[in-house]
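A look at the structure
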Amino acid sequence: KQEVTQIPAALSVPEGENLVLNCSFTDSAIYNLQWFRQDPGKGLTSLLLIQSSQREQTSGRLNASLDKSSGRSTLYIAASQPGDSATYLCAVAPYNTDKLIFGTGTRLQVFP
Amino acid sequence: DVKVTQSSRYLVKRTGEKVFLECVQDMDHENMFWYRQDPGLGLRLIYFSYDVKMKEKGDIPEGYSVSREKKERFSLILESASTNQTSMYLCASSSGVAWGTQYFGPGTRLLVL
């Protein structure tokens, strides 16, 4: 059974730091891996989707990598800002299912 | 921009009441999903639909039913609300394959007393 883990559960950093959020999954048979952002009390916003054949995707200050063989993905945020404060969730799309399996997220706080 | 709306942001109901949560998307997406989100458990899929009048059970369908009479609207029904259904409910939609990019609504926080 596919399991998705995100460590740490919470992270606090000063503004301007480059940071890495981690996501690990137990079964490499996936269609894709997705990263989402969730602001408190709100829905999820899609950030990046990495197909299983890709190694990374970039959007602005965000860069996500995927290593299927080791069951890991990282989300790199460059030059963090207080507006980046949110919970970041990763999700994988396992083969032969029509659903996403979510991690429990990393709550990020960027302080001025 | 894709817009997914949910009928209520906050809802308070009594045990045993029948509860309807409505979700509407405006991008002609084939696939629609209902999740619940609980602290420490993450998002769990309740039901999804890949076409009008079609529905598939997710991981935790017990105590819930769904209705999709029109492509843009997907309703979640709690037949007889219980306190353990107190949660944040999130609706999402996607186009093409179900595992493509999902677009989420703002969520409904339901409290069952």
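Residues numbered from 1 in each chain as written. Chains lettered and ligands numbered in written order. Predicted model: local features only at pLDDT ≥ 70, side-chain atom pairs only at ≥ 80, totals over all residues. Heavy atoms only, no water.

**Points about the environment of Glu15 of chain A**
Residues and elements named next belong to chain A. Structurally, Glu15 is set in the loop between strand S2 (10-14) and strand S3 (19-25). When the C-alpha atoms of Glu15 and Pro82 are compared, they prove to be 6.4 Å apart, with 67 residues separating the residues in sequence. Filtering out sequence-adjacent residues up to four positions away, Glu15 remains in contact with Ser80, Gln81, Pro82, Val110, Phe111 and Pro112. (Helix = DSSP H or I, 4+ residues; strand = E, 2+ residues; numbered from the N terminus. Contact = heavy atoms within 4.5 Å.)

**Looking at the pairing of strand S9 (residues 87-94) of chain B**
Residue and element names in this part refer to chain B. Most of S9 sits inside the fold, with eight of its eight residues counted as buried. Burial along S9 is two-sided: Ser87, Tyr89, Cys91 and Ser93 and Met88, Leu90, Ala92 and Ser94, pointing in opposite directions, are all buried. As defined by bridge partners, S9 adjoins strand S11 (residues 108-112) across three bridges and the pair is classed as antiparallel. When the sheet's bridge partners are listed, Tyr89 is paired in S11 with Thr108. Note: S9 against strand S10 (residues 103-104), two bridges, orientation antiparallel. Opposite Ser93, over in S10, you have Tyr103 as the bridge partner. (Buried < 20%, exposed > 50% of the residue type's maximum accessible area, 1.4 Å probe, protein only. Pairing = 2+ DSSP bridges.)

**Focus: a nonpolar patch on the surface**
Residue and element names in this part refer to chain B. On the surface, a cluster of nonpolar side chains totalling about 260 Å² of accessible area is made up of Val12, Leu111 and Leu113. Mapped onto the secondary structure, Leu111 falls in strand S11. Judged by relative accessible area, which is 37%, Leu111 ranks as partly exposed. (Patch = residues over 30% accessible without salt bridge, like charges linked within 9 Å, V, L, I, M, F, W, Y side chains within 5 Å. Areas by Shrake-Rupley, 256 points an atom, 1.4 Å probe, with all protein chains shown as cover. Salt bridge = Lys/Arg side-chain N within 4 Å of Asp/Glu carboxyl O.)

**Remarks on the interface of chain B and chain A**
Every contact between the two is made by 22 residues of chain B and, on the other side, 20 residues of chain A. Contact between chain B and chain A buries roughly 1,600 Å² in total, counting both sides, with carbon and sulfur atoms accounting for 60%. Looking only at chain B, the three residues that lose the most surface to chain A are Leu43, Trp99 and Phe104 of chain B, adding up to 36% of its buried area. Close ionic contact of Asp59 of chain B with Lys99 of chain A constitutes a salt bridge, the shortest N to O distance being 2.3 Å. Inspection of the region where chain B meets chain A yields seven residue pairs in polar contact (both at pLDDT 80 or more). When residues of the side of chain B that touches chain A are traced back to their parent elements, those giving at least two are strand S4 (31-38), strand S5 (42-49) and S9 of chain B. Of the residues forming the side of chain B that touches chain A, the biggest block, four residues, is contributed by S5 of chain B. For the side of chain B that touches chain A, the residue count by class is 12 nonpolar, seven polar and three charged. (Buried area = accessible area lost by both parts, 1.4 Å probe. Polar contact = N/O pair within 3.5 Å; in protein donor to acceptor, adjacent residues only side chain to side chain. Nonpolar A, V, L, I, M, F, W, Y, C, P; charged D, E, K, R; others polar.)

Bear in mind that shape data such as this cannot, by itself, settle questions of function.
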